[in-house]
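Here is how the chains run, residue by residue.
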Protein chains: 2
Amino acid sequence: MQIFIRISLFLQEYIINRISDMNNLPKIGKYHFVAEPFHCDFTKRLFIGHLGNNLLNAADFHSNDRGYGVNYLNTINKTWVLSRLSIELERMPAIYENFIVETWIDSVMRYFTNRNFKIADDEGRVYGYGKSIWAMIDTATRQPVDILKTNGETISKYLETEYVNPIRKSSRVKLDTDLKLQKSILATYSDIDINGHVNSIKYIEHILDLFPLDQYKKYRIKKFDIAYIMESYNNEKLNFYTDIDSITECNNTVFIRVTKSGSEDEKEVCRCQITFG
Amino acid sequence: MQIFIRISLFLQEYIINRISDMNNLPKIGKYHFVAEPFHCDFTKRLFIGHLGNNLLNAADFHSNDRGYGVNYLNTINKTWVLSRLSIELERMPAIYENFIVETWIDSVMRYFTNRNFKIADDEGRVYGYGKSIWAMIDTATRQPVDILKTNGETISKYLETEYVNPIRKSSRVKLDTDLKLQKSILATYSDIDINGHVNSIKYIEHILDLFPLDQYKKYRIKKFDIAYIMESYNNEKLNFYTDIDSITECNNTVFIRVTKSGSEDEKEVCRCQITFG
C-alpha cells in the first residue's frame, strides 16, 4: 500500500509562528502538493492548468503569510493581478506524486514585482521552474497603483536575490505570425473567479483545449508563456486565434492570441506561446 | 495574520500505519481540505465541482488505503466507476475555510456499493452530506463485474452501517418534464481524465455553466443529484437539454439531460436535477 503524505507549509508555518513571529518567516516559501488523480490528464500526469493553480496558491499563501497578500490588500481596496506567467518543465508530476513548490520575490519596482517558482520532488529532483510578474491595482478603478508607496517596505524585507531560477527575465510574448480565428466561446459561471473576472488559469485551460488529443499523445509541454493584457468578464465573447495549423509541419512553438469582442471593437485579452517537444 | 492548517489524513494514516497495520484502519475515513481561493466562485464560496472533486479524492484515498481502491483494481484490470452522486448542502465552505470530508461504505451488493460523505468544519458544524453509488467494471470490456467475487471480502470488512447520513436512498433521477436543447459542446482535452473518458466532475461544471450568473447571485444550490448512464469520450458532441426557462417562474428544481450524438443516434450520457433555494 502506498502512503502519501501531504503537509502544507501551513503546518510548518504554524509551528514556526508558535516559536517566533511573522518577521522571522523565511524569504522562500515552501509548499507541499500532490498530483491528485482527477487533476491529471489522460497521460496520468498533472494538467498544466492545475500546476498553474498550485503556483498561484503558493504565491497567495506566501504573500498573505508575510503581510502583503490580498488578505491585507483587500482591506485597503487593492489587489494583486497576474501580468505574466512563464513555466518551463523538464517533466510533469505523475499521478499521486508529491511535489514541492518554492516561491520567492527577487525584485520589486513601482508597478511590477517578480515572483519565482521552483517545482521539485521530495528528493530535490526538479520538475521545472516558473517566473511571474504581478501588478498591484486599485479594486475600484482597476488601475495600477505604486507598489512601493502601498506596501513596498513589507515586500522589500523578503527579497531573495541569490536563489537561482534558470528562466531568464520574461520578455513580452511576440506574435509575429499570421494567426487565424479557431474558436469563440462565451465566458460563463465556472470561468469567473473571486475577483469577478475570468480566472487566469481558465484561459490556459481554454487554450490547451484548442489542441487535438493527439498533440498530447505525441508531445509534452516544455515551455508555456502567457501575458495577460486586459481583464474579461462573464458573458463576454472570447476569441482564440492560433497558428495551430503549422504544428503539422513544425511541432515546436505555437502562438495563441485571445481577444474579447464587444458591440463595437475587439480587444486583446492575453497572448500565449507554447513550446511542445 | 490568519494561519491555516491543512493536514490530510495521509499524515494521520501514516502515523496510524506506523503503529498498526492496514487491517486496523477505521471504517470511516476522515480527510482535511481547504477551500482554495481559485477553487471558489464569484460569491467567494467553493465551486460545487471542486467540492465534488474533493469527495472523489476522499473516496479514492479511503478505498486505496484499505486495499480495494483503483490502485489495487488496476492490477487485475478492474476499476470503480461512479454511477450516482447526490449532494445536499446547508451551506458551502467559504474561501480559506477548512473542511473535513468523512466517507464510509454502508453496503455492498453484487453490482453496486453505497458510499456516504459527511462534510463538516473543524468544530463539527455540518456543511452537508453526500451519497454515491459505484459500480466495478472490467477495464477492457467496460462491463460491470461482480464486486463480491472480485474483492467483496476486503470491502465487507469496512462496512459502517450505524453512522447517520440524512440523505435517503438515492432513487433514479426522474425527467418527467419537457426538456429543450440549450447547448452543445465537443468534449476536449481538459474534459478527459486518467481513464480516458469525460471526467464525472466535468459534466457538473458544464451543467452549472448553463445557468446565468444571476442564478448564483439570487440562489444557492441546496441539492444536486446526478446519474451517470454511459461514458463519453474526446471529440464526442455533448448536448445539454434543460427546462431552465422554467426557473423564472419556479426557482426550485431544474432538470438537465446530457446526451451524446454520434453519426446515427443520440444516447443518454447522464441526467441531473438541481434544487436552488
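Structure: see above.
Predicted model only: the values in this text are computed from it and were never measured. (Residues numbered from 1 in each chain as written. Chains lettered and ligands numbered in written order. Predicted model: local features only at pLDDT ≥ 70, side-chain atom pairs only at ≥ 80, totals over all residues. Heavy atoms only, no water.)

### Observations concerning the pairing of strand S10 (residues 266-276) of chain B
Residues and elements named next belong to chain B. Strand direction decides the pairing type here: strand S7 (residues 221-228) and S10, joined by seven bridges, are antiparallel. Residue isoleucine 221 lies in a different strand from S10, and its bridge partner there is phenylalanine 276. Examined bridge by bridge, strand S9 (residues 253-261) and S10 share nine bridges and lie antiparallel to one another. Along S10, the bridge assignment pairs arginine 257 with arginine 271. (Pairing = 2+ DSSP bridges. Helix = DSSP H or I, 4+ residues; strand = E, 2+ residues; numbered from the N terminus.)

### Considerations on the pattern of salt bridges
Residues and elements named next belong to chain A. Summed over all chains, the structure comprises 28 salt bridges over all chains. The salt bridge partner of arginine 271 is glutamate 268, with a shortest N-O separation of 2.8 Å. In this structure arginine 271 comes out as buried when scored by relative accessible area, which is 15%. On the basis of relative accessible area, glutamate 268 is assigned to the partly exposed category, the value being 21%. Three or more residues are tied together by salt bridges with common partners; here these are Arg84, Glu88, Lys223 and Asp225. (Salt bridge = Lys/Arg side-chain N within 4 Å of Asp/Glu carboxyl O. Buried < 20%, exposed > 50% of the residue type's maximum accessible area, 1.4 Å probe, protein only.)

### Comments concerning empty space enclosed by the protein
A full pass over the atoms with the stated rule returns five cavities of 30 Å³ or more. Of the volumes computed, that of the largest cavity is approximately 420 Å³. His50(A), Glu205(A), His50(B), Lys202(B) and Glu205(B) are, among the 29 residues lining the largest cavity, the residues nearest its centre. The element contributing the most residues to the lining of the largest cavity is helix H6 (residues 200-208) of chain B, with five residues. In the lining of the largest cavity, the residues fall into eleven nonpolar, twelve polar and six charged. (1 Å grid on protein atoms, 1.4 Å probe; cavity = no way out; pocket = protein on both sides within 12 Å on 5 of 7 lines; lining within 4 Å. Points joined across faces, edges and corners; volume = space filled by probe spheres on them. Nonpolar A, V, L, I, M, F, W, Y, C, P; charged D, E, K, R; others polar.)

### Things to note about helix H6 (residues 200-208) of chain A
The element H6(A) is largely enclosed, with a buried count of nine among its nine residues. N-cap assignment for H6(A): the residue whose side-chain oxygen lies 3.0 Å from the backbone N of Ile201(A) is Asn199(A). (Polar contact = N/O pair within 3.5 Å; in protein donor to acceptor, adjacent residues only side chain to side chain.)

### Digging into the state of the cysteines
All names here are of chain B. Applying the stated criterion across every chain, the model contains zero disulfides over all chains. Looking at the unpaired cysteine 270, the closest cysteine sulfur is the one in cysteine 272, lying at 7.1 Å. On the basis of relative accessible area, cysteine 270 is assigned to the buried category, the value being 0%. (Disulfide = S-S within 2.5 Å.)

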